[in-house]
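# Summary of the model geometry
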Amino acid sequence: MTGERMTGFTRGALSFDVADGGPPDADETVLLLHGFPQTSRSWGPVAERLHGAGLRTLAPDQRGYSPGARPSGRAAYRVEHLVDDAAALITSSGAGSVHVVGHDWGAVVAWALAAHRPELVRTVTGVSVPHAAAFLRGMLHGPQLLHSWYMGAFQLPWLPETLLGDEARMAAILRRTGAGAEAARRDAAALSGAMTGPINWYRALPLAAPAFTRRPVQRPSLMVWSDGDEFITRSAVDQNPRFVLAPYRLEVLPGVSHWIPEEAPERLADLVRAHVGS
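Now for a look at the structure at hand. Just so it is clear, the structure is predicted and the values come from calculations on it, not from any experiment.

Attention now goes to a nonpolar patch on the surface. The grouping of Leu156, Trp158, Leu159 and Leu163 at the surface amounts to a nonpolar patch, some 400 Å² of accessible area in total. Tracing the backbone through its elements, the reader meets Leu163 in helix α7 (residues 159-164). Judged by relative accessible area, Leu163 falls into the partly exposed class, the value being 41%.

Set out below in structure tokens:
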């Protein structure tokens, strides 16, 4: 384990920003992957509590979010590339292997990282969003499709950027789905004028290789879902055990919206600490 602090890492021509916190020589490192439309700052309340438990955390601004990592074209945002970005960070960090925790789109990357690069992952925690194959089954065999209508709308050119690029409108959307006022303003401001990269994560979905997204996870897994989530249904979450060939646990947080890391940071941090310790 290196004792040096990271502020970023590079992969090819791309340069990523990273928040490195907690004891730099900690025995355990937790990789925190943010979702849409947020940045690494969304993990602040959880990271602070993990640091208090003696854990190091690495929270990158992912592809499309870091100013130095915004390639053009939707193909550059296929999930395979997102997984390789996370793997490059782990390798650069000197941590060896990590406990990966992902929220929203970060959870998609976390499940895929655990499935395809198990040597880099000790445990995986998916927050809000299940394994990609479980999510797809939820769309085909349950009401998830109705809750994911916006994913189709995001395939349109320029219109999503126009609608979501307005800070006030974006903040209002986040507030309506349960985000706190301060967090909504922060996230809307952070991505103002820079929505194309984050939206390209959705536009790249039709390009994902089915075999890549179906591979099961063989690492101890925790799924944290909240019953106030307007985007992810319980029917999709209940498909998750089909794609985890290892000890698996589901925790449901009552009365919490989709934005778990900031709405229930203490509870989430407690769950992650217990999972890491197990």
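Okay, back to it.
Here we take up unusual backbone geometry. In the segment running from Phe36 into Pro37, the intervening peptide bond is cis, with an omega of -5°. Within the element layout of this structure, Pro37 appears in the loop between β3 (29-33) and α1 (44-52). The backbone of Asp104 sits at a positive phi, close to 60°, despite the residue not being glycine. The phi dihedral of Ser128 falls on the positive side, at around 80°, and the residue is not glycine.

Before going further, it helps to examine the nonpolar core. With 65 residues, the main nonpolar core has Leu31, Phe36, Val100 and Leu113 as its most contacted residues. Residues contacting Val100, with those up to four places away along its chain left out, are Leu31, Leu33, Ala110, Leu113, Val121, Thr123, Val124 and Thr125. Ranked by size, the runner-up nonpolar core spans 21 residues in total, among them Val101, Val256, Ala264 and Val276.

With that settled, the discussion passes to the pairing of strand β1 (residues 8-11). In this sheet, strand β2 (residues 14-21) lies alongside β1 in antiparallel orientation, the contact comprising 4 bridges. Across the sheet, residue Thr10 finds its bridge partner in β2, namely Ser15. Hairpin connection of β1 to β2: 2 residues between the antiparallel strands, including Gly12 at a positive phi of 65°.

Below, the discussion takes up the environment of Ile260. With respect to the element layout, Ile260 can be found in helix α13 (residues 260-263). Its relative accessible area of 0% is what places Ile260 among the buried residues. Taking the C-alpha atoms as reference points, Ile260 and Leu245, separated by 15 residues in sequence, lie 26 Å from one another.

Once that is clear, we can look at helix α4 (residues 132-141). Along α4, the positions that sit buried rather than exposed are Ala133, Ala134, Phe135, Gly138 and Met139. Of the surrounding elements, those touching the buried residues of α4 are α5 (144-147), α6 (149-153), α11 (210-214) and α12 (234-237).

This brings us to the packing of aromatic side chains. One pass over the full model with this rule turns up 12 aromatic pairs. Between Tyr65 and Trp201, the aromatic rings sit 5.9 Å apart at their centres with planes inclined by 85°, giving edge-to-face as the arrangement. Taken as a pair, Tyr65 in the loop between β4 (56-60) and α2 (79-93) and Trp201 in helix α10 (residues 196-203) lie far apart in primary sequence, 136 residues in all. An identical accessibility class is assigned to Tyr65 and Trp201; each is buried. The interplanar angle of 65° and the centroid separation of 5.8 Å between the aromatic rings of Tyr150 and Phe154 together place this pair among those described as edge-to-face. Both residues of the pair, Tyr150 and Phe154, belong to the buried class. Among the aromatic side chains, those forming a connected cluster through ring pairs are Phe36, Tyr65, Trp105, Trp149, Tyr150, Phe154, Trp201, Tyr202, Phe231 and Trp259.

Definitions and cut-offs
Residues numbered from 1 in each chain as written. Predicted model: local features only at pLDDT ≥ 70, side-chain atom pairs only at ≥ 80, totals over all residues. Heavy atoms only, no water. Patch = residues over 30% accessible without salt bridge, like charges linked within 9 Å, V, L, I, M, F, W, Y side chains within 5 Å. Areas by Shrake-Rupley, 256 points an atom, 1.4 Å probe, with all protein chains shown as cover. Salt bridge = Lys/Arg side-chain N within 4 Å of Asp/Glu carboxyl O. Helix = DSSP H or I, 4+ residues; strand = E, 2+ residues; numbered from the N terminus. Buried < 20%, exposed > 50% of the residue type's maximum accessible area, 1.4 Å probe, protein only. Core = buried A, V, L, I, M, F, W, Y, C linked by side-chain atoms within 4.5 Å. Contact = heavy atoms within 4.5 Å. Pairing = 2+ DSSP bridges. Phe/Tyr/Trp six-rings, centres within 6.5 Å; stacked < 30°, edge-to-face > 60°.

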